[in-house]
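The residues making up each chain are set out below.
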Amino acid sequence: MQKNVKDYMTKNTVSNIITICAGVILYLGLSHFTIVKAALGTFYGVISPFVVAFVLAFLLNTPVIWFENGIFKKMKAKRGLSVLCSYIFAFVVLSALLVAVIPQVLESITSVIASAPKWLDTVSKTLNDLTTQYNWDESFVESVVEYMQTLLKTISDVLLGLLPKIVNFSVSLGSVVINMVMSVIASIYMLMTKERLIFQIKKIVYSLFKEKRASRIIQIGQRSNKIFSQFINGKMIDSLIIGILCFIGTMFIYSPYALLLAVIVGVTNMIPFFGPFIGAIPSVFILLMVSPIDAVIFAVFVLVLQQFDGNILGPKILGDSTGLAPIWVLVSISIGGGLFGFAGMLIGVPTFAVIYSLISENIDKCLKSKNIKADKDNMTLLLEGEEDEPLV
């Protein structure tokens, strides 16, 4: 009896074909990552207003819920008033920060550029004195001075290079404003009709997949939303507090650069684990050009601040929002930062936390199906029975 093609297309065959195709696509994507990244960049340029709108809606969803369940709880137009107040609050805070920070940052950058030659002369004189006193190799001192000159020139070029970018930004400000207005409008619609949007997404998912698979997808989405919300909101509050504490501390160390250094440390603190150190490197270098003693004091202060944040403040605010061990935090930051820069370092941790939780859940199910129990306290695997027998 002759068999049709359908007879060969069993469930296992289809599954194997899909797995092979997915593997081939993954290999081609990784081997041509530059091309894939460029294509994704072009695609992102088209949908970027809606991506920004989603980010705005996601960040403002927490204050919207707070206003809706608090101040405007008994009002008919509580959703509209909550969204309006959330946007007003965000606009006021952002405007206050820009008005306070931008002039101080520009003034600090100008001061750093102006003081660079004087600082270099001082260092050169100090090295020459040490060379004479301790009979150091002059070629070594000259190479150090030359390296520092190159480094300072590079930094100055980067800082001065910001001016043309500002001009170019001003020229393209029209399109930026249009995209931002579109993003704000879209985010308002998302916040106002979020229940309807979620309902429509559920309809699409349940129409495309079987009930069990669709429920699983919705569950993963809800878990992802919870992990990202807890992590991002907690990290923003944590970074704001660290920035304020850094500003207060720096006022006693070197007040002219207090706001600039606090902004650098506060913003980079959004990056888990490495954030304070990433912010401390340029901050210490800036102070080093003014006063080496103040730079050392600031470095010690940031180290103490990081210990306070990592051991006391961070756990209090974030709790166990990710459930990741430190080693996996390092892995997620490294991979995210290597692929997508600062944004990747920021969202790498919650993204990896979602993946980690799903993998852990599947591993636990597999162990349970084999009657194996994981004793996390003693770090042992036990074969379930009348008496749990430890596995080798």
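The rules behind the values
Residues numbered from 1 in each chain as written. Predicted model: local features only at pLDDT ≥ 70, side-chain atom pairs only at ≥ 80, totals over all residues. Heavy atoms only, no water. Axes fitted to C-alpha atoms, helices over the stretch in contact; angles between N-to-C directions. Helix = DSSP H or I, 4+ residues; strand = E, 2+ residues; numbered from the N terminus. Parallel < 35°, antiparallel > 145°, perpendicular 65-115°, else oblique. Left-handed = near helix turned anticlockwise from the far one by under 90°. Contact = heavy atoms within 4.5 Å. Nonpolar A, V, L, I, M, F, W, Y, C, P; charged D, E, K, R; others polar. Expected span 1.5 Å × (residues − 1). Bend = angle between axes of the 7 residues up to and from the residue. Buried < 20%, exposed > 50% of the residue type's maximum accessible area, 1.4 Å probe, protein only.

Enquirer: Quick question: what am I supposed to make of the packing of helix H9 (residues 211–254) against helix H13 (residues 326–369) here?
Expert: Geometrically, a packed helix pair is captured by the angle between its two axes and the distance between the axes. Close contact between H9 and H13 brings their axes to 10 Å; oriented N to C, the two are set at 140 degrees. Relative to H13, the element H9 lies oblique. The handedness of the crossing between H9 and H13 is right-handed. Listed contacts from H13 to Arg216, Ile220, Arg223, Ser224, Ile227, Phe228, Phe231 and Ile232 of H9 are Leu346, Ile347, Val349, Pro350, Thr351, Ala353, Val354, Ser357, Leu358, Glu361 and Asn362. Among the residues making up the contact of H9 with H13, the classes are represented as twelve nonpolar, four polar and three charged.

Enquirer: What should I look at first to understand helix H3 (residues 33–69) in this one?
Expert: A turn of α-helix holds 3.6 residues, and therefore any two residues three or four places apart point the same way. For H3, with 37 residues, the first-to-last C-alpha span of 46 Å runs short of the 54 Å given by 1.5 Å per residue. Along H3, the helix axis deviates most sharply at Ile47, where the bend reaches about 65 degrees; the proline Pro49 sits within four residues downstream. Of the residues making up H3, those classed as buried are Ser48, Pro49, Ala53, Ala57, Phe58, Leu60, Val64, Phe67 and Glu68.

Enquirer: Just checking my understanding: could you explain helix H11 (residues 275–288) for this structure?
Expert: When the terminal C-alpha atoms of H11 are compared, their 20 Å separation across 14 residues agrees well with the 20 Å that a helix rising 1.5 Å per residue should span. Of all the bends in H11, the greatest, near 25 degrees, is centred on Ile281, and the proline Pro282 appears no more than four residues after it. All of the buried residues along H11 are Gly275, Pro276, Gly279, Ala280, Ser283, Ile286 and Leu287.

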